[in-house]
Amino acid sequence: MEHTSSGGWLTSSLVYLAAAVLAVPLARLAGLSAIVGYLAAGIVIGPFGLRLVSDPQAMLHVAEFGVVLMLFLVGLELEPRRLWALRRPIFGWGSVQTVGSAALLAGMGMALGVPPAWAVVAALGLALSSTAIGLGVLAERNLMGTTAGRSVLSVALFQDVAAIPILAAVPLLAGAQAGEGGLWSVARAMAVIALIVGGGRLLLRPALRWIAGSRTPEIFTAAALLLVVATAALMQAVGLSMALGAFLAGVLLAESEYRRELETDLEPFKGLLLGLFFIAVGMTIDFDAVAARPLVVAGLVLGFLAVKAAVLVGMAHAMPIPGAERAVFVILLAQGGEFGFVVFQAAAQAGVVPGAVSSLLVAAVALSMLLSPLLLLAADAYARRRSAAAPPPAGMEPLAEPQDAPVIIAGFGRYGQIVGRLLFANGLRATVLEHDAAQVESLRRWGWRVFYGDATRLDLLRTAGAERARVLVVAVDDVEQSLRIVDLAREHFPHLAVVARARNAQHWYALHRRGVGHLERETFESALRSGRGVLEALGTPPHEARHLAMTFRRHNLQQLHALAPHQGDEARLIALAQAGRQQLEQMLAQERGRATAHHHAAGWVADDPVDQSTRVPSDAAAPSPSGAGAGAGTAGTSSADGAGGTGRG
């Protein structure tokens, strides 16, 4: 029998999941962040859009658990000693940001004639930042390990700690006699934190070890969720941030043997619930309040963003944050945060501010959270234009004089350096271009002559000697930059032989379509050698493991070329890929059947680190069934994939 409540639950699930599945790919297609897609989806389905959902607050409370899981996983990456090392940034710079921003905002509000209680409540709520969006953007951009990423995390953790005195202060602003209650709340909070830390160190690992002993994976997943839920519930019971409790639990398990298992089990739940959280934030934007007083809301958003940004810019210059990372630091912490919703709701319930004022403040916070990913995109675009037009940084040697080396290397990171070292070791000259100023400075200290410049500029390629050079090596990390450089070379310097690094198969196909004759997928050869190591560790003789790997290599390159004409026809690609896998399995089965006898006479046991193009057994060049294997393992193999090893490291 189908119940009404069940039908409502299914309908709501359908709406949320459909909104996410449609909005996020569209946002990605438009070059926007996934977070923007989630927020936009919430606006569309919410009370002020299609009205498919009428109670966004209910979903916001449920989806807030995504933030809790995210902080737990962040804690798993921070061992207690690393967290202790962050104590100064957390309590030092965290207090500077929170107290400094709140003081400036309160002072500005009172100067504009806002009642003191309103000004203080608004300042305390607006001074906080969104942990979910901040850490979500850092993870999306792979910036969590950078200086800016650690600084954002430090300030966010202090803000979670600051939740205790902020919530305790709200009743005081209403004139309530809550002094003793506030002190009692603080004492209870400290006792619960001590309980989590002390009890966690004594009980968590033995409990997880006992549960893991049941050898039931789903129960371990349930135990991981129970741990996070119980910690969050305990913290919420004493008025603390649930996310802070989950973070502490994660830190306590950061050095345990179950860390990776916990991460694997909880990651899918975190991603889904975080997406629902952002959708719920989009739904909470009160567009009626915005429409009623648009200038007030715009002034609130722009005003508090500007004040917080001013504080954060000063902090960024005083902290050891590289210039290229300061925009991310400032924008992610200048926005409002989800805890502001809680502060404003508590203030409205306590009678500190009227409900209409609370609605305006909530709308301002939600709009700032929507603007932050867009501001980051604008900052990225501005940084690109500025770096293209700006003169080289001090100490960077500009490429002013025309060069005449036969080779130009665009990009001198870990990949380009292998190519360059091989060329220089063989007495060949190359003009090296690198657009990362820090990388140029580092390379100079090691004695490399590297020019600072962007190889996507036609004038720079001309100065680098592209009209006289014979080879252009495209070793830049960014896929779009790589394709722009190849397009410039093909249009203006068609005589250049282009040797390019492909990040993945799709990049390989894009370069192949442009007629690049020498391609190397950056991880293919190293992964192939790792596969050989696995075979040898499982007992396969070294010469046989090498032969099987070379057979796989030949077939893989043939498959790439066979699939290239069919890009865009998914059905055809799937059919060809499946047929290719079956052919490969049959081929390797035959090879394994005759490999031991076939190779025993060669007496070959192991190879040196550069055996792929030099020490080849006589039978390694045996043709594959398609006839494309002649010369496999030598410089003659598949010129379209650079199989002779140019740049192979």
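Each remark here, short or long, concerns the structure printed above.
Residues numbered from 1 in each chain as written. Predicted model: local features only at pLDDT ≥ 70, side-chain atom pairs only at ≥ 80, totals over all residues. Heavy atoms only, no water.

**Q** Whenever I open this one, the overall build of the protein chain confuses me. Can you help?
**A** Broken down by element type, the protein chain carries 25 helices and 6 strands. In the protein chain, buried positions account for 47% of the 649 residues. Within the protein chain, counting contacts between residues at least 6 apart in sequence, those at least 24 apart form 75% of the total. When the accessible surface of the protein chain is summed, it comes to about 30,900 Å², and 62% of that surface belongs to carbon and sulfur atoms. (Helix = DSSP H or I, 4+ residues; strand = E, 2+ residues; numbered from the N terminus. Buried < 20%, exposed > 50% of the residue type's maximum accessible area, 1.4 Å probe, protein only. Contact = heavy atoms within 4.5 Å. Areas by Shrake-Rupley, 256 points an atom, 1.4 Å probe, with all protein chains shown as cover.)

**Q** Sorry, what's going on with a nonpolar patch on the surface here?
**A** Side chains of V44, L50 and L52 sit close together on the surface and give an oily, nonpolar patch of about 290 Å² of accessible area. Structurally, L50 is set in the loop between α2 (34-45) and α3 (56-76). (Patch = residues over 30% accessible without salt bridge, like charges linked within 9 Å, V, L, I, M, F, W, Y side chains within 5 Å. Salt bridge = Lys/Arg side-chain N within 4 Å of Asp/Glu carboxyl O.)

**Q** Sorry, what's going on with unusual backbone geometry here?
**A** Residues other than glycine predominantly adopt negative phi, and peptide bonds predominantly adopt the trans conformation. Its identity is not glycine, yet R51 carries a phi of approximately 60°, on the positive side. Locating R51 in the fold gives a position in the loop between α2 and α3.

**Q** I keep staring at helix α16 (residues 338-349) and nothing clicks. Help me out?
**A** Along an α-helix, a turn takes 3.6 residues, which lines up residues three or four apart on a common side. Between its first and last C-alpha atoms α16 spans 18 Å; for 12 residues at 1.5 Å apiece the expected length is 16 Å, and the two agree. Listing the buried residues of α16 in full gives E338, F339, G340, F341, V343, F344 and A347. Backbone geometry just downstream of α16 places G351 in the positive-phi region, at approximately 80°. (Expected span 1.5 Å × (residues − 1).)

**Q** Quick question: what am I supposed to make of the packing of helix α5 (residues 87-111) against helix α6 (residues 116-126) here?
**A** How two helices sit against one another is set out by the angle between their axes and by the gap between those axes. At their nearest, the axes of α5 and α6 sit 8 Å apart, and the two run at 145° to each other. Of the two possible hands of crossing, α5 and α6 adopt the one that is right-handed. Residues A102, L105, A106, G109 and M110 of α5 form the contact with α6, whose participating residues are P116, A119, V120, A123, L124 and L126. Within the contact of α5 with α6, the residues separate by chemical class into 10 nonpolar, 1 polar and no charged. (Axes fitted to C-alpha atoms, helices over the stretch in contact; angles between N-to-C directions. Left-handed = near helix turned anticlockwise from the far one by under 90°. Nonpolar A, V, L, I, M, F, W, Y, C, P; charged D, E, K, R; others polar.)

**Q** Would you mind going over the pairing of strand β6 (residues 518-521) with me for this structure?
**A** The side chains of a regular strand alternate, first on one face of the sheet and then on the other. Pairing geometry for strand β5 (residues 497-502) and β6, over 4 bridges, is parallel. Across the sheet, the residue bridging to A502 is R521, located in β6. Note on the crossover from β5 through helix α22 (residues 505-513) to β6: the handedness is right-handed. (Pairing = 2+ DSSP bridges. Right-handed = clockwise from strand over helix to strand, strands pointing away.)

**Q** What am I meant to see in α22 here?
**A** Buried residues of α22: H507, W508, Y509, A510 and L511, and no others. As for α22, its buried residues are in contact with α21 (479-492), β5, β6 and α24 (542-563). Trailing α22 by a residue or two, G515 shows a phi angle of about 80°, which is positive.

**Q** Would you take a moment to explain the sheet that holds strand β4 (residues 471-474) for this structure?
**A** Picture the strands of a sheet paired through backbone hydrogen bonds; they go either parallel or antiparallel. Sheet architecture is open: 6 strands sit in the order β3-β2-β1-β4-β5-β6, paired in parallel fashion. Lying at the two open borders of the sheet, with one neighbouring strand each, are β3 (451-452) and β6. In the sheet, strand β1 (residues 407-410) pairs with strand β2 (residues 430-434) via 4 bridges, with the strands oriented parallel. Note that in β2 the partner of V407 across the bridge is A430.

**Q** How should I be thinking about the packing of aromatic side chains in this particular structure?
**A** Geometrically, a pair of aromatic rings is defined through the distance of the ring centres and the angle of the planes. Considering all chains together, one arrives at 1 aromatic pair under this definition. With centroids separated by 6.2 Å and ring planes inclined at 90°, the aromatic side chains of F91 and F158 adopt a geometry described as edge-to-face. You can see F91 sitting in helix α5 and its partner F158 sitting in helix α8 (residues 147-173), a full 67 residues away along the chain. Take F158: its relative accessible area is 13%, and that puts it in the buried class. (Phe/Tyr/Trp six-rings, centres within 6.5 Å; stacked < 30°, edge-to-face > 60°.)

**Q** Would you mind going over the environment of L173 with me for this structure?
**A** Looking at the element boundaries, L173 is found in helix α8. L173 sits in the partly exposed class, given a relative accessible area of 29%. Along the chain, L173 and A347 lie 174 residues apart, while their C-alpha atoms are 8.7 Å from each other. Each residue touching L173, except ones within four places of it in the same chain, is listed here: A117, V120, V121 and V352.

**Q** Whenever I open this one, the environment of T11 confuses me. Can you help?
**A** Summarising the element assignment, T11 is placed in helix α1 (residues 4-29). As for T11 and L52, which are separated by 41 residues in sequence, their C-alpha atoms are 9.4 Å apart.

**Q** Where do I start with the nonpolar core in this structure?
**A** When a protein is soluble and globular, its nonpolar side chains tend to lie buried together. Counting residues in each nonpolar core, the largest one holds 128 residues, and the members touching the most others are F72, L262, F278, I279 and F329. Among the elements that take part in this core, helix α17 (residues 355-389) stands out by supplying 12 residues, more than any other. Apart from residues lying up to four places away in sequence, L262 is in contact with F72, L73, L76, L208, F220, A224 and L253. Counting 31 residues, the second-largest nonpolar core is a separate cluster that includes V476, A500, Y509 and L519. (Core = buried A, V, L, I, M, F, W, Y, C linked by side-chain atoms within 4.5 Å.)

**Q** Would you explain the pairing of β2 in this entry?
**A** Counting buried positions over the 5 residues of β2 gives 5, a clear majority of the element. Going residue by residue along β2, you find A430, V432 and E434 tucked away on one face and T431 and L433 tucked away on the opposite face as well. After leaving β1, the chain enters helix α18 (residues 414-425) and then returns to the sheet as β2, a path that is right-handed. As paired elements, β2 and β3 share 2 bridges and run parallel to each other. Paired with L433 across the two strands is F451, which belongs to β3.

**Q** Before we go on, may I ask you to explain the packing of α2 against helix α12 (residues 259-284) in this structure?
**A** Taken N-terminus to C-terminus, the directions of α2 and α12 make an angle of 50°; their axes are 6 Å apart at the nearest point. In terms of orientation, α2 lies oblique with respect to α12. Crossing of α2 over α12 shows right-handed handedness. Along the contact surface, α2 presents I35, Y38, L39, A41, G42, I43 and I45, while α12 presents G275, F278, I279, V281, G282 and M283. Grouping the constituent residues of the contact of α2 with α12 by class yields 10 nonpolar, 3 polar and no charged. (Parallel < 35°, antiparallel > 145°, perpendicular 65-115°, else oblique.)

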